[in-house]
Amino acid sequence: MIAILLSGEHPSIPYSEVRAILNGENIKFIEVNKFNQLMIIEADEIVCEVLRRRGAYIIEGGKLILHSEPSIESIIKEGQKIDWSFLKGKSFGVRIARIKGFWREISSMEIERILGDIIKKSSDSKVNLRDPDVWIKGVITDGGIFLYECNFEVDRKSFYRRRPRKRPFFHPGVLDVKLSRAFVNLCRIKEGEKFLDPFCGTGGFLIEAAMMGFEVYGIDLDRRMVLGARRNLDYYGLKAELILGDAKHLPISEIDGIATDPPYGRGTSTKGRDVKTILSEFLEEAHEVLKSGRYICIAAPRELKLQELAKLKGYKIEESHEMRVHKSLTRSIVVVKKLEC
Ligand SMILES: C[S@@+](CC[C@H](N)C(=O)[O-])C[C@H]1O[C@@H](n2cnc3c(N)ncnc32)[C@H](O)[C@@H]1O
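Residues numbered from 1 in each chain as written. Predicted model: local features only at pLDDT ≥ 70, side-chain atom pairs only at ≥ 80, totals over all residues.

**Digging into unusual backbone geometry**
In the Ramachandran plot, Gln37 falls in the positive-phi region, its phi being about 60° despite a non-glycine side chain. For Gln37, the position within the fold is in the loop between β2 (30–35) and β3 (38–42). For Gln37, a count of 23 C-beta atoms within 10 Å puts it in the buried group. If you check the backbone angles, Lys305 has positive phi at about 50° while not being a glycine. Tracing the backbone shows Lys305 in the loop between β13 (290–301) and α10 (306–312). (Helix = DSSP H or I, 4+ residues; strand = E, 2+ residues; numbered from the N terminus. Buried ≥ 20, exposed ≤ 12 C-beta atoms within 10 Å, placed from the backbone.)

What follows is the structure, given as structure tokens:
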């Protein structure tokens, strides 16, 4: 069993991202349980490497060691039942994190100390809190206390390092790195497959997609954006085919996945056209170029009722998420599937 610690930045996207990555990679898994910022799945340990490489709203995870009631008595009882011999000859550290103030009456430091003592007594391992061979991590969340051997950690600092304002070409309206990466993941594709962002702007989605090893195509109506996206991709040494064009005429076929943040008719250029028409024409055209059974992750202001539009164009709604941007804008992020012919 694998425990996956998720970001608390959105109530549903982090869980969906895990499912979408694993579905896209054709990795079999069973979702065993879901708690606040924690997901437990039954899967081969290979998922750890995949989630480390691709995650946006995924923090870390590893093999589940124990699940205990939220009490000190229970953690002692469960901790003593564990065979800690896998730590033989290795140093270890225990770190417990509390999610959103759950079970404040239990001290996380006390749990760390108790578990440290239990492990030392039942193995020859030494504590090293700076750089241990094995981190034993725990979370206190709504379902109790979960302990896992931390096998992977997403490099979240890298998202900050490549923030949009750090790129050679910047334009307001670009989504942050984490959300861009999550959009790409939600369209369920894997290395070597063809990815398209038909409203690519500065190339934020293209950068994430190219970093994950997809064959990347970007289209934009605005020449400045196409040139700017080129500069941005070159800056990271990434490959992508960039095309000046309209999303209603897509000059590529056999696409495996699309993720896009089209103009909302607010800050971004629509060249005077109505947003609903732009989306409607794009969805119709995308139906022609996307392979059957594949996905589009797309956003629009909630009042545009993107789900209804997509159904009219023959797609199945896979999932929807809402994200409040500010007082007058709530974005719907919708994943749609082109049905098998
Ligand atoms: C919200 S921005 C995309 C931001 C992008 N995700 C990024 O990383 O910069 C929307 C983009 O759609 C482009 N656009 C507007 N109408 C279009 C159309 N009909 N076909 C293709 N691109 C269009 C705009 O020029 C703008 O760059």
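**Quick look at the domain arrangement of the protein chain**
Taken domain by domain, the protein chain comprises domain 1 (2–153) and domain 2 (160–338). Using C-alpha coordinates to define each centre, domain 1 is positioned 34 Å away from domain 2. Every contact between the two is made by 13 residues of domain 1 and, on the other side, 12 residues of domain 2. It is helix α1 (residues 13–24) that contributes the most residues to the side of domain 1 that touches domain 2, seven residues altogether. In terms of residue class, the side of domain 1 that touches domain 2 is built from five nonpolar, five polar and three charged. (Domains from an automatic or database assignment. Contact = placed C-beta atoms within 7 Å. Nonpolar A, V, L, I, M, F, W, Y, C, P; charged D, E, K, R; others polar.)

**Structural notes on the sheet that holds strand β6 (residues 126–127)**
Strand order in the open sheet made by the eight strands is β2-β3-β1-β4-β8-β7-β5-β6, with mixed pairing throughout. Edge strands, defined here as strands with exactly one partner in the open sheet, are β2 and β6. Here β2 pairs with β3 via five bridges, running antiparallel. Pairing of Glu31 across the sheet is with Ile41, part of β3. The sheet strands contacting helix α2 (residues 46–54) are β1 (2–6), β4 (58–68) and β8 (144–153), and the helix crosses β8 at an angle near 75°. Here helix α4 (residues 108–122) sits on the sheet in contact with β5 (91–98), β6, β7 (134–141) and β8, set at roughly 155° to β5. (Pairing = 2+ DSSP bridges. Axes fitted to C-alpha atoms, helices over the stretch in contact; angles between N-to-C directions.)

**Quick look at the site of the ligand**
Taken together, 25 residues are adjacent to the ligand, and Phe199, Gly201, Thr202, Gly204 and Ala247 come closest. For the shell around the ligand, a count of residues per class yields 13 nonpolar, eight polar and four charged. (Near = placed C-beta within 6 Å.)

**Focus: the nonpolar core**
The tendency in soluble globular proteins is for nonpolar side chains to be buried as a group. Among the nonpolar cores identified, the biggest contains 90 residues, and Ile4, Leu38, Ile58, Cys187, Leu206, Ile296 and Cys297 are the most heavily contacted of them. In terms of residues, this core owes the most to one element, β13, which gives seven residues. Two domains each put at least three residues into this core: domain 1 (2–153) and domain 2 (160–338). Contact partners of Cys187, with chain neighbours within four places excluded, come to Gly257, Ile258, Ala259, Tyr295, Ile296 and Cys297. (Core = buried A, V, L, I, M, F, W, Y, C linked by C-beta atoms within 7 Å.)

**Regarding the pairing of strand β14 (residues 315–326)**
Pairing geometry for β14 and strand β15 (residues 329–338), over 10 bridges, is antiparallel. Residue Met323 lies in a different strand from β15, and its bridge partner there is Arg331.

**Brief notes about helix α9 (residues 275–289)**
For an α-helix the count is 3.6 residues per turn, leaving residues at separations of three or four pointing the same way. Across its 15 residues, α9 extends 21 Å between first and last C-alpha, which sits within 8% of the 21 Å expected from 1.5 Å per residue. Turning to α9, its buried residues are Ile278, Leu279, Phe282, Leu283 and Ala286. Buried residues in α9, looked at end-on, bunch into an arc of 130°, giving them a common side. Seen from the open side of α9, the exposed residues pointing more than 90 degrees away from its buried face are Thr277 and Glu288. (Expected span 1.5 Å × (residues − 1). Arc of directions from axis to C-beta.)

**Brief notes about the environment of Pro70**
If you trace the backbone, Pro70 turns up in the loop between β4 and α3 (72–81). Here Pro70 falls in the partly exposed class, since 17 other C-beta atoms lie within 10 Å of it. Linking Pro70 and Ile140, residues 70 residues apart in sequence, is a C-alpha distance of 7.5 Å. Residues contacting Pro70, with those up to four places away along its chain left out, are Trp103, Ile106, Ile140, Gly144 and Ile145.

**Things to note about the sheet that holds strand β10 (residues 215–220)**
Sheet strands pair by backbone hydrogen bonding; their relative direction is either parallel or antiparallel. Taken together, seven strands build an open sheet; the order of strands is β11-β10-β9-β12-β13-β15-β14 and the sheet is mixed. Lying at the two open borders of the sheet, with one neighbouring strand each, are β11 (241–244) and β14. Strand-to-strand, the axes of this sheet are offset by a mean angle of 15°, without reference to chain direction. Where β13 lies against β15, seven bridges are found, and the strand directions are antiparallel. The partner of Cys297 across the bridge, within β15, is Val335. Contacts between α9 and the sheet are confined to β12 (255–260), β13 and β15, with β13 contributing the most and set at about 165° to the helix.

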